[in-house]
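Spelled out from the first residue to the last, the chains are:
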Amino acid sequence: MSYYQSGILAAPVPSQARHLFFALESIAALPQALDQLLARIDGASAVAGFGASLVKALGARVQGLKAFPGLTGVGVDNPSTQHALWVWLHGDERGELMHRSNELEAALAPAFRLVQMNEAFRHKTGHDLTGYEDGTENPQDEAAATAALAVGEAGLRGGSFAAIQQWQHDFKGFAAMQPEERDNIMGRRLNDNEELDDAPVSAHVKRTAQESFAPEAFLVRRSMPWLEGDKGGLMFLAFGHSFSAFEAQLRRMSGLEDGITDGLYRMSRPITGGYYWCPPLLDGKLDLRALQAA
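All figures in this text were calculated on a predicted structure; none of them were measured in a lab. Per chain, the residues get numbers from 1 upward, laid out in the order the sequence is written. Residues qualify for local features only when their pLDDT is at least 70, as the model is predicted, and side-chain atom pairs are given and counted only at 80 or more; totals for whole chains, interfaces and linings, by contrast, use all residues. Think of the side-chain values as coming from all heavy atoms in the structure, minus any hydrogens and water.

**Let's talk about the pattern of salt bridges**
Here's step 1: Any Lys or Arg side-chain nitrogen found within 4 Å of a carboxyl oxygen on Asp or Glu counts as a salt bridge. All told, the structure shown has 13 salt bridges when counted by the stated rule.
Here's step 2: Residue Arg-189 is joined to Asp-192 by a salt bridge in which the shortest nitrogen-to-oxygen separation is 2.8 Å.
Here's step 3: Three or more residues are tied together by salt bridges with common partners; here these are Arg-18, Arg-94 and Glu-119.

**Some remarks on the pairing of strand β7 (residues 160-169)**
Taken residue by residue, a regular strand's side chains alternate between the two faces of the sheet.
Here's step 1: For β7, the buried fraction is high: nine of the ten residues fall into the buried class.
Here's step 2: Only when DSSP finds a minimum of two bridges between them are two strands counted as paired. Secondary structure counts use DSSP, requiring at least four H or I residues in a row for a helix and at least two E residues in a row for a strand, with both numbered from the N terminus. Where β7 and strand β12 (residues 274-278) come together, five bridges link them in antiparallel fashion. The residue of β12 that forms the bridge with Ala-162 is Tyr-276.
Here's step 3: As paired strands, β7 and strand β10 (residues 231-240) are joined by eight bridges and run antiparallel to one another. Residue Gln-165 lies in a different strand from β10, and its bridge partner there is Phe-236.
Here's step 4: In this sheet, strand β11 (residues 268-270) lies alongside β7 in antiparallel orientation, the contact comprising three bridges. Partly exposed describes any residue whose relative accessible area lies between the buried limit of under 20% and the exposed limit of over 50%, with all areas from a 1.4 Å probe on protein chains only and scaled to the type maximum.

**Quick look at helix α6 (residues 179-186)**
Two residues of an α-helix separated by three or four positions point the same way, owing to the 3.6 residues in each turn.
Here's step 1: Turning to α6, its buried residues number three or more, namely Arg-182, Asp-183, Ile-185 and Met-186. Angular distribution of buried residues about the axis of α6 spans 155°; they occupy a single face of the element.
Here's step 2: Contacts made by the buried residues of α6 are with α5 (171-175) and α7 (204-207).
Here's step 3: Remark: Gly-187 follows α6 within two positions and exhibits a positive phi of approximately 85°. Taking the helix axis as origin, the arc is that swept by the directions to the C-beta atoms. Whether two residues are in contact is decided by their heavy atoms, any of which lying within 4.5 Å being enough.

**Regarding the layout of surface pockets**
Here's step 1: Within this scheme a cavity is a closed region of a 1 Å grid, computed over the protein atoms alone, that accommodates a 1.4 Å probe without allowing it to escape, whereas a pocket is open but has protein on both sides within 12 Å along at least five of seven lines; lining residues each have an atom within 4 Å of a point. Grid points are joined across faces, edges and corners, and a volume is the space filled by probe spheres set on the points. Put simply, the largest pocket is a space of about 630 Å³.
Here's step 2: Surrounding the largest pocket, 32 residues form its lining, Asp-134, Gly-135, His-204, Thr-208 and Arg-221 being those nearest its centre.
Here's step 3: Within the residue set of the lining of the largest pocket, elements represented by two or more residues are β7, α7, β10 and α8 (244-253).
Here's step 4: Top element by residues in the lining of the largest pocket is α8. It accounts for four residues.
Here's step 5: The residue inventory of the lining of the largest pocket, partitioned by class, reads 13 nonpolar, eleven polar and eight charged.
Here's step 6: If you add up the space inside the second largest pocket, you get close to 380 Å³.
Here's step 7: The wall of the second largest pocket is formed by 24 residues, among which Ala-11, Pro-12, Gly-135, Asn-138 and Arg-222 lie closest to the centre.
Here's step 8: At the level of secondary structure, the elements contributing two or more residues to the lining of the second largest pocket comprise α4 (141-148) and β9 (224-228). As a working rule, the residues Ala, Val, Leu, Ile, Met, Phe, Trp, Tyr, Cys and Pro are called nonpolar, Asp, Glu, Lys and Arg charged, and the rest polar, with Gly in that last group.

Shown next, in the form of structure tokens:
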């Protein structure tokens with residue numbers, strides 16, 4: 001039986017998903033709500049993450065957990081829209097996910113209030129809506145577990161730190177660019193996904209090359225596209241044994257390392273940002289032993 005929420009490392013990403021973000025409304029009702037959460041989160045078809053404010057409300061502390069820091073870079077902004085609880089539902093059918101999210105929302109009330117919901121889906125075999133393949137450089141197998149899962153004592157081992165940003169794309173602006181310009185933004189050719197040896201230093205691949213950081217900044221991406229009317233983009237989701245790899249990449253992308261911003265900001269902008277701690281599993285349920293003592 002898995003000691004971590006297996007949906008974190010399961011590949012490929014699910015065909016359909018929902019990201020649910022909750023605010024904490026009643027601390028008094030929290031014990032009952034946590035019982036309901038434990039009964040509904042299996043770590044596979046539903047992954048849960050606790051925000052720093054929720055952990056503090058429980059009188060506890062998880063080393064390394066904090067609120068998402070709004071980050072202002074060189075002409076770019078990465079906003080913080082931190083919430084108390086995040087649940088990532090996996091499935092194969094949108095209607096089923098709607099019913100499951102409604103049931104979860106009702107079960108967690110009145111302690112929690114749903115404040116944001118984003119539907120996401122797998123495009124082709126794991127592509128962004130721009131057509132480019134996503135997560136090409138993800139570590140695999142044991143390397144993925146090393147990158148994504150925390151080590152330590154019982155209640156912490158197998159936990160993971162999730163960083164989530166909703167990116168909204170400028171599809172029309174991107175489509176108006178020449179193919180070579182689009183490839184240079186990504187640092188890969190669209191037609192074969194090969195890296196461009198002569199890509200500009202601002203290319204996304206070069207900005208986020210995990211082995212180019214000191215220490216190396218490996219994390220596991222589980223991003224999925226989203227659409228709402230004529231707006232859409234990518235629900236960026238990355239898991240790490242800490243937030244350090246994500247923060248190193250985001251700082252470089254934002255130009256805070258060398259003044260060069262990631263070309264990605266030319267066609268997309270983050271509109272949300274949140275940090276969450278995903279507890280490990282014990283006997284198939286969320287292991288909350290780390291939250292039982294201040």
